[in-house]
Amino acid sequence: MESSTWWRARKFGFLLTVVFQQKYAHLSHADKTIYIVTVILGASATGALIGPVSLHRLVSGRRVKPQAVRLASRLTSIGLFLLLATMTASLVLILRVATSGGYVTWVVLAVVIWYLLCWYAVPLWARRRHSVR
(Lines give C-alpha, C1' and ligand atoms only; values in the text may rest on other atoms or scores of the structure.)
Protein backbone atom coordinates (compact mmCIF):
# COMPACT_ATOMS: atom_id res chain seq x y z
CA MET A 1 0.00 0.00 0.00
CA GLU A 2 1.32 3.45 -0.88
CA SER A 3 2.58 5.27 2.24
CA SER A 4 0.08 8.16 2.07
CA THR A 5 -2.77 5.70 1.55
CA TRP A 6 -1.52 3.65 4.51
CA TRP A 7 -1.36 6.77 6.68
CA ARG A 8 -4.86 7.84 5.66
CA ALA A 9 -6.26 4.37 6.43
CA ARG A 10 -4.50 4.30 9.80
CA LYS A 11 -5.78 7.78 10.72
CA PHE A 12 -9.31 6.80 9.73
CA GLY A 13 -8.99 3.61 11.80
CA PHE A 14 -7.99 5.67 14.81
CA LEU A 15 -10.98 7.95 14.30
CA LEU A 16 -13.23 4.90 14.45
CA THR A 17 -11.92 3.92 17.91
CA VAL A 18 -13.03 7.17 19.57
CA VAL A 19 -16.60 5.94 19.96
CA PHE A 20 -15.33 3.05 22.11
CA GLN A 21 -13.58 5.32 24.64
CA GLN A 22 -15.26 6.04 27.99
CA LYS A 23 -15.17 9.80 27.43
CA TYR A 24 -17.36 9.46 24.32
CA ALA A 25 -20.44 9.03 26.53
CA HIS A 26 -19.73 12.42 28.12
CA LEU A 27 -19.57 14.37 24.87
CA SER A 28 -22.34 16.86 24.18
CA HIS A 29 -24.93 16.08 21.53
CA ALA A 30 -23.26 18.64 19.23
CA ASP A 31 -19.84 17.00 19.67
CA LYS A 32 -21.28 13.54 18.99
CA THR A 33 -22.89 14.92 15.83
CA ILE A 34 -19.58 16.46 14.73
CA TYR A 35 -17.90 13.10 15.39
CA ILE A 36 -20.44 11.15 13.32
CA VAL A 37 -20.20 13.65 10.44
CA THR A 38 -16.39 13.44 10.66
CA VAL A 39 -16.44 9.63 10.42
CA ILE A 40 -18.77 9.73 7.41
CA LEU A 41 -16.63 12.39 5.71
CA GLY A 42 -13.47 10.38 6.46
CA ALA A 43 -14.96 7.20 5.02
CA SER A 44 -16.08 9.10 1.92
CA ALA A 45 -12.67 10.76 1.48
CA THR A 46 -10.91 7.43 1.83
CA GLY A 47 -13.10 5.90 -0.87
CA ALA A 48 -12.62 8.79 -3.27
CA LEU A 49 -8.84 8.99 -2.76
CA ILE A 50 -8.25 5.24 -3.04
CA GLY A 51 -10.64 4.99 -6.01
CA PRO A 52 -8.06 6.11 -8.62
CA VAL A 53 -5.70 3.32 -7.53
CA SER A 54 -8.42 0.71 -7.99
CA LEU A 55 -9.47 2.31 -11.27
CA HIS A 56 -5.92 2.13 -12.58
CA ARG A 57 -5.58 -1.52 -11.60
CA LEU A 58 -8.90 -2.56 -13.12
CA VAL A 59 -8.68 -0.72 -16.45
CA SER A 60 -4.94 -1.00 -17.09
CA GLY A 61 -4.29 -2.24 -20.61
CA ARG A 62 -7.91 -1.71 -21.75
CA ARG A 63 -7.12 1.35 -23.91
CA VAL A 64 -9.26 3.71 -21.87
CA LYS A 65 -6.46 5.89 -20.56
CA PRO A 66 -8.00 9.31 -21.40
CA GLN A 67 -11.30 8.37 -19.75
CA ALA A 68 -9.53 6.78 -16.78
CA VAL A 69 -7.36 9.86 -16.26
CA ARG A 70 -10.42 12.16 -16.33
CA LEU A 71 -12.31 9.94 -13.89
CA ALA A 72 -9.30 9.58 -11.58
CA SER A 73 -8.84 13.35 -11.62
CA ARG A 74 -12.48 13.89 -10.64
CA LEU A 75 -12.26 11.30 -7.87
CA THR A 76 -9.08 12.92 -6.55
CA SER A 77 -10.65 16.40 -6.61
CA ILE A 78 -13.70 15.11 -4.75
CA GLY A 79 -11.46 13.21 -2.35
CA LEU A 80 -9.39 16.32 -1.59
CA PHE A 81 -12.54 18.31 -0.88
CA LEU A 82 -13.84 15.54 1.40
CA LEU A 83 -10.45 15.31 3.11
CA LEU A 84 -10.54 19.07 3.70
CA ALA A 85 -13.98 18.69 5.26
CA THR A 86 -12.82 15.71 7.35
CA MET A 87 -9.75 17.53 8.63
CA THR A 88 -11.82 20.61 9.41
CA ALA A 89 -14.46 18.65 11.31
CA SER A 90 -11.77 16.66 13.17
CA LEU A 91 -10.01 19.84 14.20
CA VAL A 92 -13.26 21.44 15.34
CA LEU A 93 -14.12 18.39 17.45
CA ILE A 94 -10.66 18.02 18.98
CA LEU A 95 -10.34 21.70 19.83
CA ARG A 96 -13.88 21.86 21.26
CA VAL A 97 -13.13 18.91 23.55
CA ALA A 98 -9.55 19.89 24.43
CA THR A 99 -10.09 23.60 25.07
CA SER A 100 -12.74 25.95 26.28
CA GLY A 101 -11.41 28.89 24.31
CA GLY A 102 -13.45 31.00 21.97
CA TYR A 103 -10.52 31.00 19.58
CA VAL A 104 -11.39 27.56 18.14
CA THR A 105 -13.12 29.10 15.13
CA TRP A 106 -10.10 31.28 14.34
CA VAL A 107 -7.61 28.41 14.66
CA VAL A 108 -9.74 26.18 12.44
CA LEU A 109 -10.16 28.98 9.91
CA ALA A 110 -6.38 29.54 9.83
CA VAL A 111 -5.73 25.83 9.25
CA VAL A 112 -8.38 25.64 6.50
CA ILE A 113 -6.78 28.64 4.78
CA TRP A 114 -3.41 26.85 5.04
CA TYR A 115 -4.89 23.71 3.44
CA LEU A 116 -6.47 25.76 0.65
CA LEU A 117 -3.15 27.46 0.02
CA CYS A 118 -1.18 24.18 -0.07
CA TRP A 119 -3.73 22.08 -1.93
CA TYR A 120 -5.18 24.57 -4.40
CA ALA A 121 -3.52 28.00 -4.55
CA VAL A 122 0.10 26.83 -4.89
CA PRO A 123 -0.67 24.09 -7.45
CA LEU A 124 -2.85 26.46 -9.50
CA TRP A 125 -0.14 29.13 -9.35
CA ALA A 126 2.50 26.59 -10.44
CA ARG A 127 0.29 25.32 -13.27
CA ARG A 128 -0.31 28.85 -14.51
CA ARG A 129 3.31 29.91 -14.17
CA HIS A 130 4.92 26.84 -15.69
CA SER A 131 2.40 25.80 -18.33
CA VAL A 132 3.67 25.87 -21.88
CA ARG A 133 1.28 27.78 -24.11
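Quick note: structure is the one above.
The residue numbers shown here count from 1 along each chain, following its written sequence. A pLDDT threshold of at least 70 governs which residues receive local features in this predicted model, and a stricter bar of 80 or more applies before side-chain atom pairs are shown or counted, although totals over entire chains, interfaces and linings include all residues. Excluding hydrogens and water, the side-chain values take into account all heavy atoms of the structure.

Visitor: Could you clarify how one ought to interpret the pattern of salt bridges in this entry?
Guide: Pairing between side chains of opposite charge can happen when their charged atoms approach one another. In the sections that follow, a salt bridge refers to a side-chain nitrogen of Lys or Arg positioned within 4 Å of a carboxyl oxygen of Asp or Glu. For the structure on display, the rule yields one salt bridge. With its nearest N and O atoms 2.5 Å apart, the salt bridge here joins aspartate 31 to arginine 96. Of this pair, aspartate 31 sits in helix H2 (residues 29-59) while arginine 96 sits in helix H3 (residues 65-98); the two residues are 65 residues apart in sequence, bridging distant segments of the chain. By relative accessible area, which is 37% here, arginine 96 ends up partly exposed. Going along the chain from the N terminus, every DSSP run of H or I of four or more residues is numbered as a helix, and every run of E of two or more is numbered as a strand. Burial status follows relative accessibility: with a 1.4 Å probe on protein chains alone, a residue under 20% of its type maximum counts as buried, one over 50% as exposed, and anything between as partly exposed.

Visitor: Explain H3 to me, please; I cannot follow it from the model alone.
Guide: Within an α-helix, residues lying three or four positions from one another point in the same direction, as the helix has 3.6 residues per turn. The end-to-end C-alpha separation of H3 is 47 Å, in line with the 50 Å expected for 34 residues at 1.5 Å each. All of the buried residues in H3 are Ala68, Ala72, Gly79, Leu82, Leu83, Leu84, Thr86, Met87, Ala89, Ser90, Leu93 and Leu95. An expected span of 1.5 Å times one less than the residue number is assigned to each helix.

Visitor: What am I meant to see in the side chain of threonine 86 here?
Guide: Residue position: threonine 86 is located in helix H3. Here a polar contact is recorded for every N or O atom pair within 3.5 Å, except that within protein the pair must consist of a potential hydrogen donor and a potential acceptor, and residues adjacent in sequence are included only if both atoms are side-chain atoms. A polar atom in the side chain of threonine 86 sits 3.2 Å from the backbone nitrogen of glycine 42.

Visitor: How should unusual backbone geometry be read in this particular structure?
Guide: A negative phi angle characterises most non-glycine residues, just as the trans form characterises most peptide bonds. Within the chain, arginine 63 stands out as a residue other than glycine whose phi angle is a positive 60°. Tracing the backbone shows arginine 63 in the loop between H2 and H3. Arginine 63 gets classed as exposed once you look at its relative accessible area, which sits at 82%.

Visitor: What's the story with a nonpolar patch on the surface in this structure? I'm lost.
Guide: Think of a patch as exposed residues, more than 30% relative accessible area, with no salt bridge, where like charges cluster within 9 Å and nonpolar side chains (Val, Leu, Ile, Met, Phe, Trp, Tyr) cluster within 5 Å. Methods summary: accessible areas were calculated by the Shrake-Rupley approach with a probe of 1.4 Å, and residue burial reflects only the protein chains presented. Together, Tyr103, Trp106, Val107, Leu109, Ile113, Trp114, Leu117, Val122 and Trp125 make up an exposed nonpolar region whose accessible area comes to about 960 Å². Structurally, valine 122 can be placed in helix H4 (residues 104-130). A relative accessible area of 43% means that valine 122 is categorised as partly exposed.

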